[in-house]
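What follows is the residue order along each chain.
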Amino acid sequence: MLLTELSPKIMNNTFTNKNINNLKFQNLNWITIQSDMKNKLGVDIYESWLKKINFVEEFNNYLLLSVPTRFIRDWITSRYLDQILQIIKIYKKDIVRVEFKIVEQNAKDEVIHENSKELSMKENISFIKDSYLQYNRIDPNKRFDNFIKGTSNKLAHEASLKVSENLSNYNPLYIYGGVGLGKTHLLNAIGFELKKNHKVMFISAERFMYQFVKSIKTNDMVRFKENFRNTDVLLIDDIQFMNGKEVMQEEFIHTFNALLDKGSQIIISADRAPNKLSRIQERIKSRFSGGLVVDIQKPDFELRKKIVEEKMNELNNLYSEKFNISDEIKHFISNEITASIREIVGAVNRIISFSRIYNKMPNLSETKVVLKDLLNLTENKVTIDLIQTIVCKFFKISKNEMLSSRRSRYLVRPRQTAIYLTKILTSKSLPEIGREFSNRDHTTIIHSVKTVEKLKEKDPEMVENINKLKNQILYNNKENEI
Ligand code: ADP
Ligand code: MG
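Residues numbered from 1 in each chain as written. Chains lettered and ligands numbered in written order. Predicted model: local features only at pLDDT ≥ 70, side-chain atom pairs only at ≥ 80, totals over all residues. Heavy atoms only, no water.

Further remarks concern the pairing of strand 2 (residues 62-67). Burial analysis of strand 2 places six of its six residues in the buried class, the great majority of the element. Here strand 2 shows no split at all, with Tyr62, Leu64 and Ser66 on one side and Leu63, Leu65 and Val67 on the other all buried. In terms of strand pairing, strand 1 (residues 54-58) meets strand 2 through four bridges, oriented antiparallel. Looking across to strand 2, one finds that Glu58 is bridged to Leu63. Where strand 1 folds back on strand 2, the antiparallel hairpin that results is connected by three residues. Pairing of strand 2 with strand 3 (residues 97-102), which is carried by six bridges, proceeds in the parallel orientation. Looking across to strand 3, one finds that Leu63 is bridged to Val98. (Buried < 20%, exposed > 50% of the residue type's maximum accessible area, 1.4 Å probe, protein only. Helix = DSSP H or I, 4+ residues; strand = E, 2+ residues; numbered from the N terminus. Pairing = 2+ DSSP bridges.)

Right, let's get into the packing of helix 5 (residues 70-79) against helix 6 (residues 81-91). Closest axis-to-axis distance for the helix 5/helix 6 pair is 5 Å, and the angle between their directions is 75°. Judged by the angle between their axes, helix 5 and helix 6 are roughly perpendicular. Of the residues in helix 6, those in contact with Ile76, Thr77 and Arg79 of helix 5 are Leu81, Gln83 and Ile84. Classifying every residue of the contact of helix 5 with helix 6 gives three nonpolar, two polar and one charged. (Axes fitted to C-alpha atoms, helices over the stretch in contact; angles between N-to-C directions. Parallel < 35°, antiparallel > 145°, perpendicular 65-115°, else oblique. Contact = heavy atoms within 4.5 Å. Nonpolar A, V, L, I, M, F, W, Y, C, P; charged D, E, K, R; others polar.)

It is worth spelling out the sheet that holds strand 8 (residues 292-296) at this point. The five strands lie next to each other as 5-6-7-4-8, forming an open sheet whose pairing is parallel. Two strands lie at the open edges of the sheet, namely strand 5 (200-204) and strand 8, each paired on one side alone. Averaged over neighbouring strand pairs, the angle between their axes works out to 15° when direction is ignored. Direction of pairing for strand 5 relative to strand 6 (residues 233-237): parallel, over a ladder of five bridges. Across the sheet, the residue bridging to Ser204 is Asp237, located in strand 6. Across the sheet, helix 9 (residues 154-165) lies against strand 4 (173-177), strand 7 (265-270) and strand 8, angled at about 135° from strand 8, the strand it touches most.

To continue, consider the nonpolar core. Within the largest apolar cluster, 77 residues are counted, with the highest numbers of intra-cluster contacts made by Met37, Leu50 and Ile53. No other element matches helix 17 (residues 341-358), which puts seven residues into this core. Among the nonpolar cores identified, the runner-up in size contains 27 residues, and Val213, Phe252, Ile280 and Phe288 belong to it. (Core = buried A, V, L, I, M, F, W, Y, C linked by side-chain atoms within 4.5 Å.)

With mixed pairing, the three strands of this open sheet are ordered in space as 1-2-3. One side of each edge strand has no neighbouring strand; the edge strands of this open sheet are strand 1 and strand 3. Ignoring which end each strand starts from, the neighbouring axes of this sheet average 30° apart. Sheet strands touched by helix 5: strand 2 and strand 3. Its angle to strand 3, the strand with the most contacts, is close to 165°. Sitting on the sheet, helix 6 is in contact with strand 2 and strand 3, with an inclination near 120° to strand 3.

Spelled out as structure tokens, the structure:
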């Protein structure tokens, strides 16, 4: 039975370990490891890199993990692998190594979709196990003064500010919008202000559910009710999580009514408008619409640019070295990363990580590689065919010539370059690459890659050519479609 589909029956029978054991969950709790990584390596590094790591499978003495791009894998393995392994060893000392496979974002979404049932069970179990996680924690880094305003979030920002200045102006206040657009930031900012003078409870709907189940298990419903009904301000994040959970909805509406009766302020966030919530009781939806409903839209160019600027300044104030992203890069990020503010912030963090490590700002083509998984240029668009076509065009040779066995100098270099680019830009294995280059042996492939790597060290023109080609392949590949 799915834990998400909590029926009164299981609630009465309480959660037994038997239920959980049947679901064959992994020994290692990846969520715990991730939160350790965040604590030990810092939020910056975590958000920019480590968060991208997904758990795939656990073996006796090693773990298989996945990341969305080769670049991220190389970056993580060259810089953080030791620390990651140390953290994992705390939980299972037999693990001696970690392996990464590259699972492109799109492909990964499909896998998740296929296994969604199993995954959601796992997530829930991890969640139930995470009893040490604190709720009601206001993040002091998400305040009104560092919330950047634009057309898309103006209304939500103003309403939040009003609520935090004058309780019960709009009750409930319902803020909705897509992922990473600033809902949690605003709820947190309201909590941060109001907790100065009021009793504030800030909880995600998931956590509310967890507390609720736990209280039933431990026969502690009285305290649960008291806890939530005693507050002056209740902030509930991601309310869409209540969908389908009838018993929890029942409890929630009681809490909700009790709080409104005593004049407490309620603020809710969700990923969609109240009337679009699925599997949530009509009367709850209509209660949600009874106060003020505001949305946050995707940021427009102007806001994106402002976020890049201000986040840069914020990070620069944090570190002693100062970095200046060129206008070209700023423009590029603001232009290309449009889906969410979280991604823009992540992109700026990566650029800063890059510059701190290499002691220079990335140029445009390095930026594209560093941000590849955030851009709409997934690795699967980069085919060997595309690489061959672009390289042939660049060196003005024909594809037949490139794939032939002729060893004239004017053919060898482009061929090696194409092989090298295939190795670094796709996740193809050496034999696979060999096959696509007229059945060449994998040792020839290794030789080509090594030759280009050596040439790059002493020949600036080679470096420039590779960069230009990489750029065309990763970025302008639409123009070169064949
Ligand atoms: P949501 O809850 O809507 O998914 P979050 O509030 O968690 O999104 O925001 C994602 C990230 O982006 C957070 O780090 C947050 O601080 C940042 N962020 C979002 N909107 C803004 C904004 N307007 N100004 C500054 N930072 C923002
Ligand atoms: Mg959120």
